[in-house]
Each structure stands twice: as structure tokens, then as C-alpha cells.
Amino acid sequence: MSPFRPGAPTLLDGAMGTALLARGLTPGVLPERWVLERPSEVARVHASHVAAGAEVLLTCTFNLARCDRVDGALSPERVAPRAVALARSCRPRLVAGAVGATGLARGGDDGDRPGEGYDRALRALAAEGVDLLWIESQLDLGEARAALRAGRRTGLPVVATAFLREDAAGPVALDGTPGLEFLRALWLDGAAAVGVNCVAADARLASLVAALAVHVPVPIVVKPSAGLPGSLVPPVPFAFAVR
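Please read all numbers here as calculations on a predicted model, not as lab measurements.

Here is what the cut-offs are and how they apply
- Numbers given for residues are sequential positions, taken from 1 along each chain in its written order.
- Where totals are concerned, whole chains, interfaces and linings use all residues; where local detail is concerned, this predicted model gives features only for residues with pLDDT of at least 70, and gives and counts side-chain atom pairs only at 80 or more.
- Water and hydrogen atoms play no part in the side-chain values, which are based on all heavy atoms of the structure.
- Here a cavity is any set of points on a 1 Å grid over the protein atoms alone where a 1.4 Å probe fits but cannot get out, and a pocket is any open set with protein on both sides within 12 Å along at least 5 of 7 lines; a residue lines the site when it has an atom within 4 Å of a point.
- Grid points are joined across faces, edges and corners, and a volume is the space filled by probe spheres set on the points.
- Only runs of H or I of at least four residues qualify as helices and only runs of E of at least two qualify as strands under DSSP, and these elements are numbered from the N terminus.
- Throughout this entry, Asp, Glu, Lys and Arg are counted as charged residues, while Ala, Val, Leu, Ile, Met, Phe, Trp, Tyr, Cys and Pro are counted as nonpolar. The remaining residues, Gly among them, count as polar.
- pLDDT measures how confident the predictor is about each residue, on a scale from 0 to 100.
- The contact definition used throughout considers only heavy atoms, calling two residues in contact when any of these lie within 4.5 Å.

A water-sized probe, rolled over the atoms, reveals where empty space remains. Taken as a whole, the second largest pocket holds about 180 Å³ of empty space. What lines the second largest pocket is a set of 13 residues, among which Leu-164, Glu-166, Val-199, Ala-200 and Asp-202 lie closest to the centre. Counting residues per element, the ones that place at least two in the lining of the second largest pocket are β5 (165–167) and α9 (203–215). The element that contributes the greatest number of residues to the lining of the second largest pocket is α9, accounting for 3 residues. Partitioning the lining of the second largest pocket into residue classes produces 9 nonpolar, no polar and 4 charged.

Here is the structure:
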């Protein structure tokens, strides 16, 4: 069953990583470190998103399928309970257990299959009672499918979004798969909603959404980026672009 209301838009939250950088997170340090060491800062970002109208909070677990490869203290089993509790404490309508791309399908040097990291991370999030799972910033269709399979094994609805770059022929994933084909494949594999994140809110995005509305009969996710610190689109122009 879809967690989203039929026929009505659902407002998502804002960026967590850049918000923590603005609060003093050292570049290169995983945000999950602050889930353990500075949880009040993570909670303040969540609370600011709810105050702005967000109905869905994504947990601060973008790197959960790979973070213990970078920092042995950041195991999914240790981070997930705290990250979910921080999001839940802000009382959103829905809490989504979020995990981003690992990059293993694009030449990871340890030989592991990407699905193994997702399986562990998503099971840890599901065990904490999230309302749905959210697989974002996908770059490679094979990895995205592995992540989606891992998420669906939990029995929870799974949302899948991709980062797409602009090509002469239109939006494409970093593995070269056309954007519409990429997202349609994830719908066919059972995603409860599909879409994009970390892309510009412009006419090209509007064209992709229009095409998705014709070819994909599940909710469409549009979570564009306002830019990076130092080159952010101001709030009012960004809001108009999103609308």
C-alpha cells in the first residue's frame, strides 16, 4: 500500500548534508558521525524542516550502506536506531529510512556486491519502525535494482530516486541509462514511487516529470537541489521554480 495520499502532493524535507555543513560539520566527515556525537544538531535540522511544512523526514543515514567501510564506529546497527529516533522525535507524518548510492557497482575495489551493504542497512532501518524506505541518488541501474530488492525484502514500501545528468539526448544516469528508462525499470521492479534528486529545478526537469507522468503510474518524486553552500538559489526563486 502506498504511503502517499492519492491525488495530493506530499511535501518532502530539505537537504541534511549541506545543513549540517552550515552548522559546522567538517567537509569529508560523514553526517552519520553527528547522529552519534551531536544528535541535537541533527534534530534541529529535522525540526526546521517540519516547521517549514515537511510531511516526510528522511533519516540522516545517506551513507548507511557503506559508512562502516569508511569509519568502523558507524555500523548500521549502531546508527539506525539513533537516526530514526531523531527523525521521529520531530513528529513528521512519515519517517523514511534513507540510504544513498554506494558506488560499488561503478568500480568499487573490494569486490563486494552492492546489494549486501543495502540489505544490512535497510534491515537495520526497518527494524526501527520507519514508515517506508528511501533509496536515493542512484547512479547505476544494476545497483539501484539491488538496493530495491533489498528494501522490498523488508516488506516496507520503497521509494527510489536517481541523480541524472543532462546529455544531448536528455537526462541520463551516470551509467549511461536514459533517465526515463532508468526510472521506469525501478517502477516495474516494484518501487512505490520513483523520481529524481539533486538536480536543478528547471524546464528540463519539468519535461522529465511530464514524461514520467505518462509512462509511470506511481507517485513521482521531485527533490531538486538549491545548489551548494556559496552558490545557493535564494528561497523564494527556488520555491517558484519548484512549483
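The next thing to look at is the confidence of the model for the protein chain. Of all residues in the protein chain, 95% attain a pLDDT of 70 or more, and the chain-wide mean is 92. Every residue in residues 107–112 scores below 50 in pLDDT, and together they form 5 contacts with partners more than four places removed in sequence or on other chains.

Further remarks concern the environment of Ala-8. Looking at where Ala-8 falls in the secondary structure, it is placed in the segment before α1 (17–22). When the C-alpha positions of Ala-8 and Pro-219 are compared, they lie 9.8 Å apart, and in sequence the two are 211 residues distant.

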